[in-house]
Amino acid sequence: MSDTTQGLHIQSGSRALRAGIELLSSMRFAISLLTVICIASVIGTVLKQHEPAVNYVNQFGPFWAELFGAIQLNAVYSAWWFLLILAFLVVSTSLCIARNTPKILSDLKAYKENIREQSLKAFHHKAEAALPGTAEAEARRIGTLLAGGGWKVRLQQRDTAAGPGSGWMVAAKAGAANKLGYIAAHSAIVLVCVGGLLDGDLIVRAQMLLGGKTPYQGGGLIADVKPEHRLSERNPTFRGNLLVAEGTQSSTAILNQSDGVLLQELPFAVELKKFIVEHYSTGMPKLFASEIVIHDKITGEKTPARVEVNHPASYRGIEIYQSSFDDGGSHLKLRALPMAPGGKAFDIEGIVGGSTQLTGQGAAAGADTLTLEFTALRTINVENFGAAAGAAGSGADVRKVDLRESVESRLGAANKTVTKKELRNVGPSVSYKLRDAAGQAREFHNYMLPVDTGDGVPVFLLGVRESPAEPFRYLRVPADDKGGMEGFLRMREALSDPAAREEAVRRYVGQAIDTSRRDLAEQLQQSASRALALFAGRGMVDGKPTGGLQAVSDFMEANVPEAERARAGEVLVRILNGTLFELAQLSRQRAGLPPLPQDDATRGFMTQAVLSLSDAQVYPAPVALELTDFTQVQASVFQVARAPGKNIVYLGCALLILGVFAMLYVRERRVWVWVAPQEGRTHATMALSANRKTLDGDKEFVQLAQKLIGAGKAPEGTA
């Protein structure tokens, strides 16, 4: 605003009051506040805002998560200290404008024609020349030339030694918009901050402080929430979320607070008729839109509208934006498959967002009742299967150095990549949680259809993780000849039956050894029985599995010399595979199914089945839920906002653009030409001042000097 950073000086009041007003109205204080706001804005951009507290704990740890919550870095833009800084910035900048505007306006009106001739000779840009006409005629000629070039001109007649009124001062100025740019830019800061305060949480917080409104921290139905947690329809400013499922309507928005939520009543209800979503080949949504009907509560009028991203609908001063989409309570049908011996399969139904209890066969033996929470349904899951296949089948020499290929792979379009992509939609998936009586929950993510991951064996992917911070770990269950998991489950049930294991061993030995070699048959039967018993295990002991391939490996390390382990391991694995194949055949026989053929498909199934049977020992749930059918119900998430400060912010942005443009591209210049008789002829002394020294200014002065007074060369010190 000026060439000083000092603030407003007042003469009355205490010393502390005078010092406080001087600091508050000073430019150095406003710049300091702007710096703090910029730093806070960077933090708010880098650190995700309004995330659940557990997300910050998982990502940064308990100490930092607690610190973020204490100083509200997880909600920077609605933090009390951020709003207070904005308020101080408004006051400080307003005082700065009030202090400097009278000076600027006074300077805009002044031509400074009273400057002395000796002062003109001290300017950097100066020139002198003799003129042919009289002083008055030359002064008027110079003034006319300047006025024709867009300058504002004032003539002043003065007394000189040659006689009263014989000297003329021509004062001209141009580029006055430069100083107006200072006022516009600083006013823009005030307007943007005021608009931000109006559209922020300031008014909502004022209602909480003065109106007795408190955040709601419980659950249940919206209709049961008490009035002290609700904001009136006349609330002048708010910004909240509105979730509406297809075929339903809602008129209450949710305003998230750091310690709960506030309910904002709307003067209308939004009904979602249809939700539309289109996807890219990558599975990412490229368009989602909502066909809605707005029901006015007062008039009962119904107004149809379409809301898309970046194309909001507006009604009674409230903007309705398309924010995202969610599940609106899809109906799920699942088959609970036993993962523990002795369990029975059963059917279960639920709604996404709901929960049910698992008792009896649905929970582990001796365990408390489990709560099943249905969390999500995804109908499209696009995965990339090209990277692994390309790496395995390329046959590339890893020692090869191809500079051209290396360079070209990094040039061209921004979406170019050296990794081959094979995108494939693997079908729907369901997510759910199993929560025990202590409140601890595990999250599961199971795919509906078998997936070929590249080895030619379709598998059902059963994902599990202990916390949201961990990736899912998948149990891969091979699909049987009918495309289901029943073949694997029959094998697992038979593996837990000692009689079935003995029968499978007897069949394997009978096929592998001639019946006349009774001594070899007995040795093989003992080895096969031991291997199969080790693989079957004894269940969970001290929370750890006792079976699977790990149990076989532990047995060999404890009983077989190290030098013989490789050969003994090959023999033992061959025996184990053979007995498990017979166990599979026996399970099919008991189910009344034909035996498995001896082909590549069967060998692939058995190879994966052995691995899955081993991994299933550590599956942390008594049942796995298989999605059998679903009825999808979409929901649209709208952001509804009443933003009276929006137009103020727009005005501030326009003023900021004009102000910055004026300050950067408009140069304020002043020209003085003193014309007076001297030694029998008319002599002219010219000077120019500008707020910025540039090469263009030097060139402009040379041209003006030649045009106005006919100076033939540039003055000393100019280019």
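Residues numbered from 1 in each chain as written. Predicted model: local features only at pLDDT ≥ 70, side-chain atom pairs only at ≥ 80, totals over all residues. Heavy atoms only, no water.

A. Highlighting the overall build of the chain. Scanning the chain from terminus to terminus reveals 19 helices and 28 strands. Pairs at least 24 apart in sequence give 63% of the contacts found in the chain among residues at least 6 apart. As displayed, the chain offers around 39,000 Å² of accessible surface, 56% of which is attributable to carbon and sulfur atoms. (Helix = DSSP H or I, 4+ residues; strand = E, 2+ residues; numbered from the N terminus. Contact = heavy atoms within 4.5 Å. Areas by Shrake-Rupley, 256 points an atom, 1.4 Å probe, with all protein chains shown as cover.)

B. Representation of the nonpolar core within the structure. Core analysis: the biggest nonpolar cluster contains 62 residues, and Leu332, Leu334, Leu358, Leu372, Leu580, Tyr619 and Leu625 have the highest contact counts within it. Looking at this core, the element that brings in the most residues is helix H16 (residues 565-590), giving 7 residues. Not counting residues within four places of it along the chain, the set of residues in contact with leucine 332 comprises Ile348, Glu349, Gly350, Val352, Phe374, Leu377, Val430, Leu627, Asp629 and Phe630. (Core = buried A, V, L, I, M, F, W, Y, C linked by side-chain atoms within 4.5 Å. Buried < 20%, exposed > 50% of the residue type's maximum accessible area, 1.4 Å probe, protein only.)

C. A look at the packing of helix H13 (residues 498-512) against helix H14 (residues 518-536). Their axes nearest at 9 Å, the elements H13 and H14 cross at an angle of 140°. The orientation of H13 with respect to H14, classified from their angle, is oblique. Crossing of H13 against H14: the hand is right-handed. Packed against H13, whose contacting residues are Arg501, Glu502, Val505, Tyr508, Val509 and Ala512, the element H14 presents Ala521, Leu524, Gln525, Ala528, Ser529, Leu532, Ala533 and Ala536 at the interface. Within the contact of H13 with H14, the residues separate by chemical class into 10 nonpolar, 2 polar and 2 charged. (Axes fitted to C-alpha atoms, helices over the stretch in contact; angles between N-to-C directions. Parallel < 35°, antiparallel > 145°, perpendicular 65-115°, else oblique. Left-handed = near helix turned anticlockwise from the far one by under 90°. Nonpolar A, V, L, I, M, F, W, Y, C, P; charged D, E, K, R; others polar.)

D. View of the sheet that holds strand E3 (residues 163-174). One open sheet accounts for 5 strands, arranged E1-E28-E27-E3-E2; its pairing is antiparallel. Only two strands of the sheet have a single partner each, and these edge strands are strand E1 (125-131) and strand E2 (152-160). With strand direction ignored, the average angle separating the axes of adjacent strands in the sheet is 20°. In this sheet, E3 lies alongside E2 in antiparallel orientation, the contact comprising 8 bridges. (Pairing = 2+ DSSP bridges.)

E. Region of interest: the packing of aromatic side chains. Under the defined criterion, the tally for this structure stands at 14 aromatic pairs. Both rings, one in tryptophan 64 and one in phenylalanine 68, keep their centres 6.3 Å apart while their planes meet at 40°; by these two values the pair is tilted. Here the residue tryptophan 64 and the residue phenylalanine 68 both occupy positions in helix H4 (residues 62-70), the gap between them amounting to 4 residues, near one helical turn. Look at tryptophan 64 and you get partly exposed, because its relative accessible area is 44%. Aromatic pair phenylalanine 661 and tyrosine 665: ring centres 5.0 Å apart, planes at 35°, arrangement tilted. Of this pair, phenylalanine 661 and tyrosine 665 both sit in helix H18 (residues 646-665), 4 residues apart, which is roughly one turn of that helix. These aromatic residues form a ring-pair network of at least three members: Phe60, Phe63, Trp64 and Phe68. A cation over an aromatic ring shows up here: lysine 173 above the ring of tyrosine 111, its NZ or CZ 4.5 Å from the ring centre. (Phe/Tyr/Trp six-rings, centres within 6.5 Å; stacked < 30°, edge-to-face > 60°. Lys NZ or Arg CZ within 6 Å of the ring centre and 35° of its normal.)

F. Region of interest: helix H15 (residues 548-559). The end-to-end C-alpha distance of H15, which contains 12 residues, comes to 17 Å, matching closely the 16 Å that a straight helix rising 1.5 Å per residue would cover. Those residues of H15 lying buried are Gly548, Ala551, Val552 and Met556. The arc enclosing the buried residues of H15, seen along the axis, measures out at 150°, which places them on a common side. As for H15, its buried residues are in contact with H14, H16 and helix H17 (600-615). (Expected span 1.5 Å × (residues − 1). Arc of directions from axis to C-beta.)

G. Just the pairing of strand E28 (residues 681-690), in detail. In terms of burial, E28 is largely enclosed, as 7 of its 10 residues are buried. Here E1 runs beside E28; their pairing, made up of 7 bridges, is antiparallel. The residue bridging alanine 130 from the neighbouring strand is histidine 683, located in E28. Count of turn residues in the strand E27 (residues 669-678)/E28 antiparallel hairpin: 2 residues, of which glutamate 679 carries a positive phi of about 55°.

H. Structural view of unusual backbone geometry. Phi at lysine 112 is positive, roughly 55°, even though this residue is not glycine. Tracing the chain through its elements places lysine 112 in the loop between helix H5 (80-109) and helix H6 (117-120). Lysine 112 gets classed as partly exposed once you look at its relative accessible area, which sits at 41%. One non-glycine residue with positive phi stands out, namely asparagine 310, at about 70°. Inspection of the secondary structure puts asparagine 310 in the loop between strand E9 (302-308) and strand E10 (313-315).

I. Quick peek at the pairing of strand E15 (residues 370-378). Pairing geometry for strand E14 (residues 355-358) and E15, over 4 bridges, is antiparallel. Paired with leucine 358 across the two strands is leucine 370, which belongs to E15. For E15 and strand E18 (residues 429-435), the ladder comprises 7 bridges, and the chain directions are antiparallel. Among the inter-strand pairings, phenylalanine 374 is bridged to a residue of E18, identified as tyrosine 432.

J. How the structure looks around the pattern of salt bridges. Counted according to the given criterion, the structure contains 28 salt bridges. A salt bridge links glutamate 136 to arginine 140; the shortest N-O distance between them is 3.3 Å. Of the two residues, glutamate 136 and arginine 140 both sit in helix H7 (residues 135-148), 4 residues apart, roughly one turn of that helix. Its relative accessible area of 38% is what places glutamate 136 among the partly exposed residues. Salt bridges sharing common partners tie together Asp107, Lys112, Lys179, Glu668 and Arg670. (Salt bridge = Lys/Arg side-chain N within 4 Å of Asp/Glu carboxyl O.)

K. Geometry of the packing of H13 against H16. Two numbers describe how H13 lies on H16: the axes approach to 8 Å, and their chain directions differ by 115°. Handedness of the crossing formed by H13 with H16: right-handed. Residue-level inspection shows Ala500, Arg501, Glu503, Ala504, Val505, Arg507, Tyr508 and Gln511 of H13 in contact with H16, the latter providing Arg574, Ile575, Gly578, Thr579, Glu582, Leu583, Leu586, Gln589 and Arg590.

L. Seen up close, the side chain of glutamine 156. Tracing the sequence through the fold places glutamine 156 in strand E2. Side-chain polar atoms of glutamine 156 contact the side chain of arginine 158, separated by 2.8 Å. If sequence neighbours within four positions are ignored, glutamine 156 has contacts with Glu113, Asn114, Gly167, Trp168 and Met169. (Polar contact = N/O pair within 3.5 Å; in protein donor to acceptor, adjacent residues only side chain to side chain.)

M. The environment of leucine 266, seen in detail. By secondary structure assignment, the location of leucine 266 is in strand E7 (residues 260-279). In this structure leucine 266 touches Glu233, Phe238, Leu242, Ser251, Lys297, Ile318 and Val640, once residues within four positions along its chain are discounted.

N. View of the confidence of the model for the chain. Counting all residues, the mean pLDDT for the chain is 85, and 90% of those residues have values of 70 or more. Note on residues 388-400: pLDDT under 50 across the span, and 2 contacts to partners over four residues away in sequence or across chains. For residues 713-719, every residue scores under 50 in pLDDT, and the model assigns this stretch 9 contacts once sequence neighbours within four places are set aside. (pLDDT = per-residue confidence, 0-100.)

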